[in-house]
Structure formats: structure tokens, C-alpha cells
Amino acid sequence: MIDTHAHLNIENYEGRIDAILAELKAVGVEKVVIPGVVPKEFSDLPENWAEIVEKYCDHPKIVAVGEIGLDYYWIKEQENHERQKEIFIKQIEIAKRKNLPVLIHDREAHGDTFDILKKYSEGKIPIVMHCFSGSPEFAQRCLREGWYLALGGVVTFKNAKKTKEVAKITPLDRLLLETDSPYLTPVPHRGEENSPVYVKFVAEEIAKLREISFEEVDEATTANAKKIFNFGEK
């Protein structure tokens, strides 16, 4: 298994990384992708942020640009939305220049996120819709563009009907696993701190919903992640 989105670099896990990595190995989690979130909000960006990001992209451990995208849930002012879009487009352009996939944060901004990605990615780089929260209909639109959908703990929640349906209709070769740790902990540990160790519960729920084996989900999603992120291929 590969957890394609876990925030192991935040203070929640300080002093516990080695123990978590040992536990991951024991349960069969092969790799974890840690998204960048500092500075996350555009109000904190230094003037030379684009140069900084481009330099980061040359590091051998960097496998994607992200998480990047639009958030209209926490930031509702239209003026700020326009600034978000401007930065988002520049980040996509950097990813294209560096030939890296993008990890997309899309919260209550499906339309603008889709339009910008379609126009500016130009089909040249892999797109991962992190913690996909849209409808099955929106999922189909993304899939028609060749994008990947990453599902996490929400798919295990009893009332997450849309996400469960998305898990059923997404082709296995377009599906990824994630935890978004320490957030969105899957059942049966909901309410506790999340961990990449729990990615197995996401895979088990997807297998149950699709009426296929856990091994099929594991094999397909692991292959997808390796294809997208080119681990160790820089």
C-alpha cells in the first residue's frame, strides 16, 4: 500500500516518526507522500515564492507539486478567490516546467478548480484530486480528463454516500489511497488521531464497495502511485 497524502511533518508526530515508520513497514505500507503546506495560505507567501518552489522541485525527494488549489470554504471573499487563482495557475506552470504531478486541494471550489486545471495543465502532467469530495457526476468529469481520484477515511463514514459511489465508479487504474493524517480518521478509529497505518481500512472499504478483493485494490492503487510519482526516478 502507498499512502499518497499524510501530514507526517507537522507537530502532532514530533518525536514519533521512527516508531510510525517501523509500524508502517510491519503492516505493509510501502511509501508515504508528505504534501507541502508551509507556507500554505497565500497571505503568507514571500515575494519570491515561485523561485523557492522551483528550487524545491529539483530535490530528489520531491515527487509532486502540492498540495495546491482553491479553498472557498475558509476564504469566502471574491477578491481573495482571484488571488488564489493567480497563484494556483503559477504553481501549475511550475509543475509543467519541472514535469511533476500536482496534488490538488479543492474545497467548495469544484468549478473553478476544474476549469483552471483543464486549461493550464494542458494534459501534460498527472493530476491527483486529493481527498476527492465531489459528486459522482463531478468525478466522471475529472476522469474523462484522465485525472486521478484519491480517497481517504471519508469513504468509510456511514453517511458518505457520494464518496462511496465515487469509490464504486472510479476505474481501478485511476484510483489512489490516502489518509490525510492526522485528519479524517477512518472507521473503526474515527475520532482518534489518524495515521498512515490506517490506510488499510480505506482499501478494505473500497474493496467491499466494489465487491473485489483487498489485494486487487492494493495492487492497483500501489501501481498507480508508482506510475504517477516516479519514486526514486529523478
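Residues numbered from 1 in each chain as written. Predicted model: local features only at pLDDT ≥ 70, side-chain atom pairs only at ≥ 80, totals over all residues. Heavy atoms only, no water.

Peer 1: Please clarify how the overall build of the protein should be interpreted in this entry.
Peer 2: From N to C terminus, the protein includes eight helices and seven strands. Radius of gyration (C-alpha) of the protein: 17 Å, near the 17 Å computed for a compact globule of 234 residues. If you line up the protein on its principal axes, its C-alpha atoms span 45 × 40 × 35 Å. Taken across its 234 residues, the protein has 50% of its residues classed as buried. Restricting to contacts in the protein with at least 6 residues of sequence separation, those with at least 24 account for 73%. Looking at the protein as shown, the accessible area adds up to about 12200 Å², and 49% of this sits on carbon and sulfur atoms. Seen as two clouds, the 32 positive and the 40 negative side-chain charges of the protein have centres 3 Å apart. (Helix = DSSP H or I, 4+ residues; strand = E, 2+ residues; numbered from the N terminus. Rg over C-alpha atoms; globule rule 2.2 N^0.38 Å. Buried < 20%, exposed > 50% of the residue type's maximum accessible area, 1.4 Å probe, protein only. Contact = heavy atoms within 4.5 Å. Areas by Shrake-Rupley, 256 points an atom, 1.4 Å probe, with all protein chains shown as cover. Lys, Arg positive; Asp, Glu negative; His and termini not counted. Charge placed at Lys NZ, Arg CZ, Asp CG, Glu CD.)

Peer 1: Would you explain the packing of helix H5 (residues 136-144) against helix H6 (residues 161-169) in this entry?
Peer 2: Each pair of packed helices gets described by two things: the angle between the helix axes and the distance between those axes. Between H5 and H6, whose axes approach to 9 Å, the crossing angle comes to 35 degrees. Crossing of H5 over H6 shows right-handed handedness. Contacts between H5 and H6 pair Pro136, Ala139 and Gln140 from the former with Lys162, Glu165, Val166 and Ile169 from the latter. Considered class by class, the residues forming the contact of H5 with H6 number four nonpolar, one polar and two charged. (Axes fitted to C-alpha atoms, helices over the stretch in contact; angles between N-to-C directions. Left-handed = near helix turned anticlockwise from the far one by under 90°. Nonpolar A, V, L, I, M, F, W, Y, C, P; charged D, E, K, R; others polar.)

Peer 1: Which parts of the structure should I look at to understand the packing of helix H4 (residues 110-121) against H5?
Peer 2: Their axes nearest at 11 Å, the elements H4 and H5 cross at an angle of 5 degrees. Of the possible angle classes, the one that applies to H4 and H5 is roughly parallel. Side by side, H4 and H5 meet where His110, Phe114 and Asp115 of the first sit next to Phe138, Arg141 and Cys142 of the second. In terms of residue class, the contact of H4 with H5 is built from three nonpolar, one polar and two charged. (Parallel < 35°, antiparallel > 145°, perpendicular 65-115°, else oblique.)

Peer 1: What's the story with the pairing of strand E6 (residues 148-151) in this structure? I'm lost.
Peer 2: Consecutive side chains of a regular strand alternate in pointing toward one face of the sheet and then the other. Neither face of E6 is left uncovered, since the one carrying Tyr148 and Ala150 and the one carrying Leu149 and Leu151 both have all their residues buried. In terms of strand pairing, strand E5 (residues 127-129) meets E6 through two bridges, oriented parallel. Each bridged residue has a counterpart across the sheet, and for Met129 the counterpart in E6 is Leu149. On the question of chirality, the crossover connecting E6 to the parallel strand E7 (residues 175-177) by way of H6 is right-handed. (Pairing = 2+ DSSP bridges. Right-handed = clockwise from strand over helix to strand, strands pointing away.)

Peer 1: Please clarify how the packing of aromatic side chains should be interpreted in this entry.
Peer 2: For any pair of aromatic rings, geometry is given as the distance between the ring centres together with the angle between the planes. What the rule picks out here adds up to six aromatic pairs. Aromatic side chains Tyr198 and Phe201 sit 5.8 Å apart centroid to centroid with 50 degrees between the ring planes, which places their arrangement in the tilted category. Per residue, the accessibility class of Tyr198 equals that of Phe201, and both read buried. Aromatic rings pair up to connect Phe114, Phe132, Phe138 and Trp147 into one cluster. Its guanidinium or amino end placed over the ring of Tyr148, Arg174 lies 4.6 Å from that ring's centre, counting from NZ or CZ. (Phe/Tyr/Trp six-rings, centres within 6.5 Å; stacked < 30°, edge-to-face > 60°. Lys NZ or Arg CZ within 6 Å of the ring centre and 35° of its normal.)

Peer 1: Quick question: what am I supposed to make of the pairing of strand E3 (residues 65-71) here?
Peer 2: Taken across its seven residues, E3 has seven buried, putting it largely inside the fold. In terms of strand pairing, E3 meets strand E4 (residues 102-107) through six bridges, oriented parallel. When the bridges of E4 are listed, Leu70 appears paired with Asp106. At this point the chain moves from E3, through helix H3 (residues 78-98), to the parallel E4, and the crossover so formed is right-handed.

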